[in-house]
Amino acid sequence: MEHKKSLITLTLLIFAILVGCSSNIEQQVVVSPLFPERHGWDLKQVTISGDDTTLNFKRVDCVWVVGNDNKASDEPRVTALVDKLVSLAPQGLPAIGPDRFTDFKVGEKNFSRKVTLTFKDSSSFTLLIGTPGITKPVYVRLADKERIYWTDESLLKQINLDSSSWLAPKDS
């Protein structure tokens, strides 16, 4: 009987490790996407800023362009980015409250990236994205909310603000 209890305990421990179960109740909360009724094709503009640089994407005649001079973009790459931003589904809730904004780099003035999504219906949302460390997860906060979410979305760490890196490839 004692052997059976040990085996059950060991099995449960292995299961918990494999599914990423946590004793932290906040990390066990199931969170829906930040924009559950929206899609990438609903966007008309995306503005991403960080440090002293701003990158603008606009949809002109159903095609993504880069910058104020509407240069042709690397359409598949831009589409993948905006789809990822609109479908962003947080993995958990590490903290709630303005006293933690600086810790997670999601404050109004202390952020890794600030992303403004403007939809075709003229509604807009601003995401503050924090990456406080190279190996840590990415943190996200809607600018008008206090809740901070974490996500394992590595794409958000790789948003290059150099507009030339988003231009359409030149034909050889």
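Nothing here was measured: the structure is a model prediction, and the numbers come from that model. Residue numbers restart at each chain and count upward from 1, following the sequence in its written direction. With pLDDT at 70 or above as the cut-off, local features in this predicted model cover only qualifying residues; side-chain atom pairs require 80 or more to be listed or tallied, and sums for whole chains, interfaces and linings still use all residues. Values reported for side chains reflect all heavy atoms of the structure, with hydrogen atoms and water molecules removed beforehand.

A short note on the overall build of the protein chain
So, point 1. Going along the chain from the N terminus, every DSSP run of H or I of four or more residues is numbered as a helix, and every run of E of two or more is numbered as a strand. A tally of helices and strands in the protein chain yields two helices and nine strands.
So, point 2. Counting from the amino terminus, helix and strand elements in the protein chain follow one another as α-β-β-β-β-α-β-β-β-β-β.
So, point 3. Working definition: with a 1.4 Å probe on protein chains only, accessible area under 20% of the residue-type maximum means buried, over 50% means exposed, and in between means partly exposed. Looking at the protein chain residue by residue over its 172 residues, the buried ones come to 34%.
So, point 4. In this analysis, two residues are considered to be in contact whenever any of their non-hydrogen atoms come within 4.5 Å of each other. Residue pairs at least 24 apart in sequence account for 58% of intrachain contacts in the protein chain once pairs closer than 6 positions are excluded.
So, point 5. The accessible surface values rely on the Shrake-Rupley method and a 1.4 Å probe; as for residues, cover is taken only from the protein chains in view. When the accessible surface of the protein chain is split by element, carbon and sulfur atoms take 54% of a total near 10500 Å².

Quick look at the nonpolar core
Nonpolar side chains tend toward joint burial in soluble globular proteins.
So, point 1. Counting 28 residues, the largest nonpolar core has V46, F57 and L117 as its most contacted members.
So, point 2. In terms of residue count, the dominant contributor to this core is helix α2 (residues 75-86) (five residues).
So, point 3. Setting aside residues no more than four positions away along its own chain, V46 makes contact with L55, N56, F57, W64, V82, L85, V115, T116 and L117.
So, point 4. Working definition of a nonpolar core: buried Ala, Val, Leu, Ile, Met, Phe, Trp, Tyr and Cys residues. They are joined through side-chain atoms within 4.5 Å. Counting seven residues, the second largest nonpolar core, distinct from the first, contains F101, F104, L128 and Y139.

Here's the deal with the packing of aromatic side chains
Aromatic ring pairs are reported here in terms of the distance separating the ring centres and the angle at which the planes meet.
So, point 1. Geometry of aromatic contacts follows a simple scheme: Phe, Tyr and Trp rings, the Trp one being its six-membered ring, pair when their centres are within 6.5 Å, and the pair is stacked under 30 degrees between planes, edge-to-face over 60, tilted otherwise. Scanning the entire structure with this criterion turns up five aromatic pairs.
So, point 2. Geometrically, the ring pair formed by F57 and W166 is edge-to-face, given 5.3 Å between the ring centres and 80° between the ring planes. Remark: W166 occurs in the segment after β9 (147-151) and F57 occurs in strand β2 (residues 53-60); sequence separation between them is 109 residues. With respect to burial, F57 and W166 carry one shared label: buried.
So, point 3. On the basis of an interplanar angle of 75° and a centroid distance of 6.0 Å, the ring pair of F119 and F125 is categorised as edge-to-face.

Quick word on the pairing of strand β7 (residues 124-130)
So, point 1. Here six bridges tie strand β6 (residues 113-119) to β7, and the two strands are oriented antiparallel to one another. When the bridges of β7 are listed, T116 appears paired with T126.
So, point 2. Count of turn residues in the β6/β7 antiparallel hairpin: four residues, of which S122 carries a positive phi of about 75°.
So, point 3. A pair of strands is labelled paired if DSSP reports no fewer than 2 bridges between them. Summarising the sheet, β7 and strand β8 (residues 138-142) pair through four bridges and their orientation is antiparallel. Residue pairing for β8: I129 is matched across the bridge by V140.

Focus: unusual backbone geometry
So, point 1. In this model, N70 sits at a positive phi of 55°, which is unusual for a non-glycine residue.
So, point 2. Counting through the fold element by element, N70 comes out in the loop between β3 (63-66) and β4 (71-72).
So, point 3. Backbone geometry places K105, a non-glycine residue, at a positive phi of 55°.
So, point 4. Following the sequence through the fold, K105 ends up in the loop between β5 (92-96) and β6.
So, point 5. Of the residues examined, K105 reaches a relative accessible area of 27% and is grouped as partly exposed.

So, the side chain of S49
So, point 1. If you trace the backbone, S49 turns up in strand β1 (residues 43-50).
So, point 2. Those residues in contact with S49 that sit more than four places away from it in its chain are T54, F111, S112, R113, K114 and L161.

Describing the pattern of salt bridges
So, point 1. One side-chain nitrogen of Lys or Arg within 4 Å of one carboxyl oxygen of Asp or Glu is enough to make a salt bridge. The final tally for this structure, using the stated rule, is four salt bridges.
So, point 2. Of the charged contacts, one joins D103 and R100 as a salt bridge, the two residues approaching to 2.7 Å between their closest N and O atoms.
So, point 3. By relative accessible area, which is 44% here, D103 ends up partly exposed.
So, point 4. Judged by its relative accessible area of 32%, R100 falls in the partly exposed class.

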